[in-house]
Amino acid sequence: MSKQGGAKHTAESPDTESRADIIIKGGTLLSMVEGQPPLTQAVVYIQGDKIVHIGSLDQRKILPHAVETINASGALVMPGLINAHCHTAMTLFRGFADDLPLKQWLFEKIFPAEAKHLSPESVYTAALLGSAEMIRSGITTVSDAYYYQDSTIKAFHESGIRAVVAQGVIDFPAPGVPDPSKNLKVGREFIERWIHFSDLITPGLFCHSLVTCSERTLREAMEISQDFSLPLQLHLSETLEEVRGVEKKSGLKPVFYLEKMGLLHDRLVAVHAVHMHEDEIDLLTERDVKVVHAPQSNMKLASGVSKVGYMLRRGLCVGIGTDGAASNNDLDLFQEMDSAAKLSKVSTLDPTSLHAEAVLKMATVWGARALGLEKQIGTIEVGKKADLIIVDTESPHLLPLYNPASALVYSATGSDVRDVIVNGKILLRNRSLLGLDLPRILNDVKLIARKIAGQTAS
């Protein structure tokens, strides 16, 4: 969002003058490329799954033939948002166990409910619900971690969203993996099954935490991830109780415990990272570990406040995620951005601790880097995948529009997203969801919820 530099937006291939599959014209383009200021009256050409031309709209010039032309006047055109950590199928437990401490919420409510109610069918339905919610609020990529992930991939493939899908690994009986001694065998087979399925789907592994996974499990999970050059996701230092458990077991702070095991790696994605000392943050930065901030979940479960401002100043790559709808309770990344910025300010008593521009990068270009997808998505550039959203700014709560980044972070909500394109395919047009039967999904979810409510009551 910087005004510095004079990098050109315009680039084109030889045939862009004659044809395009989708043309987006008008509006203000936020490329999120470092040094490129917002471009008013922009035009973007898409061919297939890629961006092939970016420039200024010339009213005197006839645009090339396109299958579809989208008028973005009165709107912002920007990269699709990247939800860098989510348990999508936990939409099934939205509002199920609110207002509880994390340990009680997890062990007394969520784990038993998952054991009783999760199945391939329920995960598929709940992941469809989450996909619809995310697409409608401008999320074009999600990093998901859960169980029965074959079903999650089926739902994501049907919805058209881009996704990193991680099989959950935990040293307890888990949904779909009743024998924990087989958790890594199941995880490797999951990766092998889906590694070449689609360029929209990246499989992987997710270790629940340092207190629910043994050293052996953690090491082998990293070895498997490295075998396939994939990220390994991990909940890290989410609560003080977790940190104390690690220190009691190992005699080390959690980050130094990971270092001792040889697990600090540029493909490690540490989620939450709330209770970390500055020396731990510095070591994560040195090892190029990626961090994902989930402010609303951290607030709701009273986990604490992550030192995001310090992390960014030290050069750590930080993305942002919604976490699951059971602990948030929505999948709206605009609201997450707003919370991240304000929580940093109030916790440090410094209104400059986290700027809107930085938070927007967390949801786009830095989120892409955290997931290892920065060469494909995160910015609007010629040659990158056509993952874009159009945000309608013709609303009372978004006018006047002095600073696009501030408007997006502090004023916008997911309902302001008008159009969504993923991989060159329109998934949301004029706020209407394409490709998914939303009434059917809602009805199926209600049926499952009635069963959960009935069994819980009994």
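Definitions and cut-offs
Residues numbered from 1 in each chain as written. Predicted model: local features only at pLDDT ≥ 70, side-chain atom pairs only at ≥ 80, totals over all residues. Heavy atoms only, no water. Helix = DSSP H or I, 4+ residues; strand = E, 2+ residues; numbered from the N terminus. Rg over C-alpha atoms; globule rule 2.2 N^0.38 Å. Buried < 20%, exposed > 50% of the residue type's maximum accessible area, 1.4 Å probe, protein only. Contact = heavy atoms within 4.5 Å. Areas by Shrake-Rupley, 256 points an atom, 1.4 Å probe, with all protein chains shown as cover. Axes fitted to C-alpha atoms, helices over the stretch in contact; angles between N-to-C directions. Left-handed = near helix turned anticlockwise from the far one by under 90°. Nonpolar A, V, L, I, M, F, W, Y, C, P; charged D, E, K, R; others polar. Pairing = 2+ DSSP bridges. Phe/Tyr/Trp six-rings, centres within 6.5 Å; stacked < 30°, edge-to-face > 60°. Lys NZ or Arg CZ within 6 Å of the ring centre and 35° of its normal. pLDDT = per-residue confidence, 0-100. Expected span 1.5 Å × (residues − 1). Arc of directions from axis to C-beta. Parallel < 35°, antiparallel > 145°, perpendicular 65-115°, else oblique.

Our next topic: the overall build of the chain. What the chain contains, in helices and strands, is 15 helices and 20 strands. A compact globule built from 458 residues should have a C-alpha radius of gyration of about 23 Å, and the chain, at 22 Å, falls within 12% of that. A buried classification covers 59% of the 458 residues belonging to the chain. A sequence separation of at least 24 residues applies to 74% of the contacts in the chain between residues at least 6 apart. Summed over all atoms, the accessible surface of the chain reaches about 18000 Å², with 53% contributed by carbon and sulfur.

Let us look at the packing of helix H2 (residues 120–136) against helix H3 (residues 149–159). Geometry of a packed helix pair, given as the angle between the helix axes and the separation of the axes. The geometry of H2 relative to H3 is characterised by a closest axis approach of 8 Å and an angle of 35° between their N-to-C directions. The two elements H2 and H3 cross, and the hand of that crossing is right-handed. Here Pro120, Val123, Tyr124, Ala127, Leu128, Ser131, Met134 and Ile135 of H2 come into contact with H3, specifically with Ser151, Thr152, Lys154, Ala155, Phe156, Glu158 and Ser159. Looking at the contact of H2 with H3 residue by residue, the classes come out as nine nonpolar, four polar and two charged.

Read across the open sheet, the seven strands follow the order S4-S3-S8-S17-S18-S19-S20; overall the sheet is mixed. Sheet topology places strand S4 (39–40) and strand S20 (432–433) at the edges, where each strand pairs with a single neighbour.

This part covers the packing of aromatic side chains. A complete count under the given rule lists four aromatic pairs for this structure. Taking 5.7 Å as the distance between ring centres and 55° as the angle between the ring planes, the aromatic pair formed by Phe93 and Phe96 counts as tilted. Ring centres of Tyr146 and Tyr147 lie 5.5 Å apart, and the angle between their planes is 45°; on these two criteria the pair is classed as tilted. Look at Tyr146 and you get buried, because its relative accessible area is 3%. It is Lys154 that lies over the ring of Tyr124; its NZ or CZ is 4.5 Å from the centre.

When pLDDT is low, close inspection of the predicted coordinates is not appropriate. On average, residues of the chain score 93 in pLDDT, and 95% of them reach the 70 mark or higher. Counting interchain partners and residues more than four positions distant, the pLDDT-below-50 stretch residues 1–8 has 18 contacts.

Let us look at helix H5 (residues 215–227). An ideal rise of 1.5 Å per residue puts 18 Å on 13 residues; H5 measures up with 18 Å between its terminal C-alpha atoms. Along H5, the positions that sit buried rather than exposed are Thr217, Leu218, Ala221, Met222, Ile224 and Ser225. Down the axis of H5, the sector holding all buried residues measures 160°, keeping them to one side. Residues Arg216 and Asp227 are exposed on H5 and point more than 90 degrees away from its buried face. Against strand S11 (162–169), helix H4 (183–194), strand S12 (201–207), strand S13 (232–236) and strand S14 (268–272) lie the buried residues of H5.

With that settled, the discussion passes to the side chain of Ser237. For Ser237, the position within the fold is in the loop between S13 and helix H6 (240–250). Ser237 sits in the buried class, given a relative accessible area of 0%. Beyond its immediate chain neighbours, meaning those up to four positions away, Ser237 contacts Glu242, Val243, Pro254, Ala273, Val274, His275 and Met276.

Here we come to the packing of H4 against H5. Packing of H4 against H5 brings their axes to within 10 Å, and their N-to-C directions diverge by 15°. As far as their axial angle goes, H5 and H4 are roughly parallel. When you trace H4 past H5, the crossing you get is right-handed. Across from Asn183, Leu184, Arg188 and Ile191 in H4, the residues of H5 making contact are Thr217, Glu220, Ala221, Ile224 and Asp227. Grouping the constituent residues of the contact of H4 with H5 by class yields four nonpolar, two polar and three charged.

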